[in-house]
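Per-entry structural report
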Amino acid sequence: MKKIAIITVAFLIVILSACGPTQDSAIKYNDSIMKIIDGLTIEHTLFLDQIDGHNIDSLKSTHSKFVAKAKESLEASKKIGPFGDKTDFIDVTLDYFNTLNSIANTEGTQMVEIMSKDSSQIAQEDLDKIDVLAAKFDDDYSKAYDKISAAQEKFAKEWKFELIETKK
């Protein structure tokens, strides 16, 4: 009877320890977050490439796509949830997507509105406003990017996997 109890306890310990997150599941978790980030980065970059304002139609189009992708990315990231019982990485991820959603809708929209004016209607105040908006856009993005990069590195170190930058 004692042997059966010991075997049962040992079996339960093995089962319970196997139920936790694994390195492979951590890699998949990381990759699912990065896939969303990469998709948004494409639209973000396309918008920034048009920010010079030489082609107003392209600027408006890329901005609309950036806004839509920022919202879609935020919603997709909300569905991911924590990894195991830890929320550090997903919390920073949600902050990143909230920030990008905000800059797409606020600073991005205001810049497009100003740049869509006829060139004869753009005053010095408008140009100054664009400079302020662009600085806030860049600053907010840089801070959010730095936080998510640090969180990803910490997550990779914790789960003992190497981050590899892929070229597209």
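Read on for a plain summary of the structure. Computed from a predicted model, the values in this text were never measured in an experiment. (Residues numbered from 1 in each chain as written. Predicted model: local features only at pLDDT ≥ 70, side-chain atom pairs only at ≥ 80, totals over all residues. Heavy atoms only, no water.)

Contact pair helix α3 (residues 56-78) / helix α5 (residues 107-115): the axes reach a minimum separation of 10 Å and the direction vectors enclose 165°. Overall, the two elements α3 and α5 adopt an arrangement that is roughly antiparallel. Judged by the sense of rotation from one axis to the other, the crossing of α3 with α5 is left-handed. Judged by residue contacts, Ile 56, Leu 59, Lys 60 and His 63 of α3 engage Gly 108, Thr 109, Val 112 and Met 115 from α5. Taken together, the residues of the contact of α3 with α5 break down into four nonpolar, three polar and one charged. (Axes fitted to C-alpha atoms, helices over the stretch in contact; angles between N-to-C directions. Helix = DSSP H or I, 4+ residues; strand = E, 2+ residues; numbered from the N terminus. Parallel < 35°, antiparallel > 145°, perpendicular 65-115°, else oblique. Left-handed = near helix turned anticlockwise from the far one by under 90°. Contact = heavy atoms within 4.5 Å. Nonpolar A, V, L, I, M, F, W, Y, C, P; charged D, E, K, R; others polar.)

Bringing the pattern of salt bridges into the picture now. Taken as a whole, this structure holds 10 salt bridges when the rule is applied. The closest approach of N and O atoms between Asp 24 and Lys 28, which form a salt bridge, is 3.3 Å. Of the two residues, Asp 24 and Lys 28 both sit in helix α2 (residues 23-50), four residues apart, roughly one turn of that helix. For Asp 24, a relative accessible area of 44% puts it in the partly exposed group. Among the salt bridges present, the one from Lys 143 reaches Asp 139, with a minimum N-O distance of 3.2 Å. Here Lys 143 and its partner Asp 139 are both found in helix α6 (residues 124-158), four residues apart, which amounts to about one turn of the helix. Residues joined in a network through salt bridges with shared partners are Glu 107, Lys 136 and Asp 140. (Salt bridge = Lys/Arg side-chain N within 4 Å of Asp/Glu carboxyl O. Buried < 20%, exposed > 50% of the residue type's maximum accessible area, 1.4 Å probe, protein only.)

Looking now at the nonpolar core. The biggest cluster of nonpolar side chains holds 34 residues, and the ones touching the most others in it are Tyr 29, Phe 89, Tyr 96, Phe 97 and Phe 155. Mapped onto this core, the elements with two or more residues apiece are α2, α3, α4 (88-105), α5 and α6. Top contributing element to this core by residue count: α6, with nine residues. Residue contacts for Phe 97: discarding those within four places in its chain leaves Ile 36, Ile 37, Leu 40, Ser 73, Leu 74 and Ser 77. (Core = buried A, V, L, I, M, F, W, Y, C linked by side-chain atoms within 4.5 Å.)

Inspection of the entire model under this criterion finds 13 aromatic pairs. Ring geometry for Tyr 96 against Phe 97: centres 5.2 Å apart, planes inclined by 80°, an arrangement best described as edge-to-face. On the numbers, 6.1 Å between centres and 75° between planes, the contact of Phe 155 with Phe 161 is edge-to-face. Residue classification places Phe 161 among the buried residues on the basis of a relative accessible area of 13%. The structure contains a cluster of three or more aromatic residues connected by ring pairs, namely Tyr 29, Phe 83, Phe 89, Phe 155, Trp 159 and Phe 161. (Phe/Tyr/Trp six-rings, centres within 6.5 Å; stacked < 30°, edge-to-face > 60°.)

Next up on the list: the environment of Asp 85. By the element assignment, Asp 85 lies in the loop between α3 and α4. For Asp 85, a relative accessible area of 72% gives the class exposed.

What follows deals with the side chain of His 63. With respect to the secondary-structure elements, His 63 resides in helix α3. His 63 has contacts with Phe 47, Ala 104, Gly 108, Thr 109 and Val 112, leaving out every residue within four places of it along the chain.

Now for the side chain of Ser 73. Take Ser 73: it is sitting in helix α3. Aside from chain neighbours lying at most four places away, what touches Ser 73 is Ile 36, Leu 40 and Phe 97.

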